[in-house]
Amino acid sequence: MNTLSDTFLHRVRRQLSHFQQRSILPVPTEGPIVSFSFDDCPCSAIDTALPMLEAEDWKATIYVAVGLCDTVNHLGPHISRDDIVDLHKRGHEIGDHTYSHINAKGLDATKYMADVERNQRALKDLGLPPSENFAFPFGDVTNVIKKELRHKFSTLRGVLPPQNSRMDANFLPAIPIYSGQTEDTALREIANLQQSQIWLNLFTHDVRENPSPFGCKIDTFQDIVAAVKQSGARVMTVRDAYRTVKSEGSVT
């Protein structure tokens, strides 16, 4: 059983990890960039949200935990292995989210990395190339795991919002789109894009009329898409956004 002290120490470790093993990214100079990503990934996000992005000729990054395929949990039913292949063929990026959707909290780094490698093998068996980008399940990270992953992936995405323009590729900031919780924050950040030169990462899980606490309603996602379109920002997968900021950006 976790004690209050355990919880506090865990929060402190996660915050400290934000300042360790850093790799500061340049700031894009040719206009702001937005990346949409979906974690795990529930069928509702694929069936409901992706068509909205594809209607604008936008692509997303899907952080897949293959072990969740064909399962059902609080996010609803999850996609199949065939769905992953189809998403790749449609031009969406398939990122790594560990195989078992495991939490870094209190887990041995060797076991964590083995689960990451298992996910990569599963994707390879589906005929996909190695994932270039990773997202921490639950947003949990330790300094040791961050150190192990930083040479394997271009970016490691967390769940904490950006603090300033100095973005760490090894703990990439992101804003959740959760109905009733963070949608106003996301819309405010999108509105600010017209006066900024940043790379904004937006993510969610399920997208349906009765979402989990970690997802959003359909009309909420529609509002987000409309706001991004109005901002004039370039929309790219995490892979393409990373390559773009590395090639055109300048470090502040």
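Let me sum up the structure you'll find in this document. (Residues numbered from 1 in each chain as written. Predicted model: local features only at pLDDT ≥ 70, side-chain atom pairs only at ≥ 80, totals over all residues. Heavy atoms only, no water.)

1. Digging into the nonpolar core
Membership of the largest hydrophobic core comes to 42 residues, with the highest contact counts inside it found for Phe 36, Phe 38, Ile 62, Leu 202 and Phe 221. Those elements that provide at least two residues to this core are β1 (33-40), α2 (43-54), β2 (61-64), α3 (81-89), α4 (109-125), α6 (183-191), β9 (199-204) and α7 (218-231). The dominant element in this core, judged by the number of residues it contributes, is α2, at 7 residues. (Core = buried A, V, L, I, M, F, W, Y, C linked by side-chain atoms within 4.5 Å. Buried < 20%, exposed > 50% of the residue type's maximum accessible area, 1.4 Å probe, protein only. Helix = DSSP H or I, 4+ residues; strand = E, 2+ residues; numbered from the N terminus.)

2. Some remarks on the pairing of β9
Among the 6 residues that make up β9, 6 are buried, leaving the element largely enclosed by the rest of the structure. Remark: the strand β8 (residues 175-176)/α6/β9 crossover connection has right-handed handedness. (Right-handed = clockwise from strand over helix to strand, strands pointing away.)

3. Notes on α3
Side chains of residues three or four places apart in an α-helix project in the same direction, reflecting 3.6 residues per turn. Restricting attention to buried positions, one finds in α3 the residues Ile 84, Val 85 and Leu 87. Seen end-on, α3 carries its buried residues on one side only, within an arc spanning 160 degrees. Set apart from the buried face of α3 by more than 90 degrees, the exposed residues are Asp 82 and Lys 89. Looking at the buried side of α3, the elements it contacts are α2, β2, β5 (93-96) and α4. Sitting at the head of α3, Ser 80 places a side-chain oxygen 3.4 Å from the backbone nitrogen of Asp 82. Where α3 ends, the next residue or the one after it, Gly 91, has phi of about 95 degrees, a positive value. (Arc of directions from axis to C-beta. Contact = heavy atoms within 4.5 Å. Polar contact = N/O pair within 3.5 Å; in protein donor to acceptor, adjacent residues only side chain to side chain.)

4. Description of the packing of α6 against α7
Across the interface, α6 lies against α7 with an axial gap of 9 Å and an inter-helix angle of 10 degrees. Here α7 runs roughly parallel to α6, going by the angle between their axes. Contacts between α6 and α7 involve Glu 183, Ala 186, Leu 187 and Ile 190 from the first element and Thr 220, Asp 223, Ile 224, Ala 227, Val 228 and Ser 231 from the second. In the contact of α6 with α7, the residues fall into 6 nonpolar, 2 polar and 2 charged. (Axes fitted to C-alpha atoms, helices over the stretch in contact; angles between N-to-C directions. Parallel < 35°, antiparallel > 145°, perpendicular 65-115°, else oblique. Nonpolar A, V, L, I, M, F, W, Y, C, P; charged D, E, K, R; others polar.)

5. Overview of the pattern of salt bridges
Applying the stated criterion across every chain, the model contains 10 salt bridges. With a closest N to O distance of 3.0 Å, Lys 146 and Asp 168 form a salt bridge. Here Lys 146, found in helix α5 (residues 143-149), pairs with Asp 168, found in the loop between β7 (155-157) and β8; they are 22 residues apart in sequence, far enough to count as distant. For the pair Lys 146 and Asp 168, one class covers both residues: buried. Taking the shortest distance from any N to any O, the salt bridge between Asp 240 and Arg 239 comes out at 3.4 Å. Each of Glu 54, Asp 86 and Arg 90 takes part in salt bridges that share partners, so that together they form one network. (Salt bridge = Lys/Arg side-chain N within 4 Å of Asp/Glu carboxyl O.)

6. Side note on the side chain of Thr 237
Turning to its location among the elements, Thr 237 is positioned in the loop between β10 (234-235) and α8 (238-248). Only 3.1 Å separates the side chain of Thr 237 from the backbone nitrogen of Asp 240, close enough to count as a polar contact.

7. Focus: the side chain of Asp 140
For Asp 140, the position within the fold is in the loop between β6 (133-135) and α5. Judged by relative accessible area, which is 5%, Asp 140 ranks as buried.

8. A few points about the packing of α2 against α7
Interaxial distance between α2 and α7 falls to 10 Å at its minimum, and their mutual angle equals 20 degrees. Regarding the angle of α2 to α7, the classification is roughly parallel. For the pair α2 and α7, the sense of crossing is right-handed. Residues Thr 48, Ala 49, Met 52 and Leu 53 of α2 touch α7, and the partners they reach there are Ile 218, Phe 221, Gln 222 and Val 225. Of the residues belonging to the contact of α2 with α7, the class tally is 6 nonpolar, 2 polar and no charged. (Left-handed = near helix turned anticlockwise from the far one by under 90°.)

9. Things to note about the environment of Phe 203
Looking at the secondary structure, you find Phe 203 in strand β9. With a relative accessible area of 1%, Phe 203 lands in the buried category. Along the primary structure Phe 203 and Tyr 63 are separated by 140 residues, whereas in three dimensions their C-alpha atoms are 9.9 Å apart. Apart from residues lying up to four places away in sequence, Phe 203 is in contact with Ser 37, Asp 39, Arg 157, Val 159, Ala 174, Ile 175, Pro 176, Ile 177 and Tyr 178.

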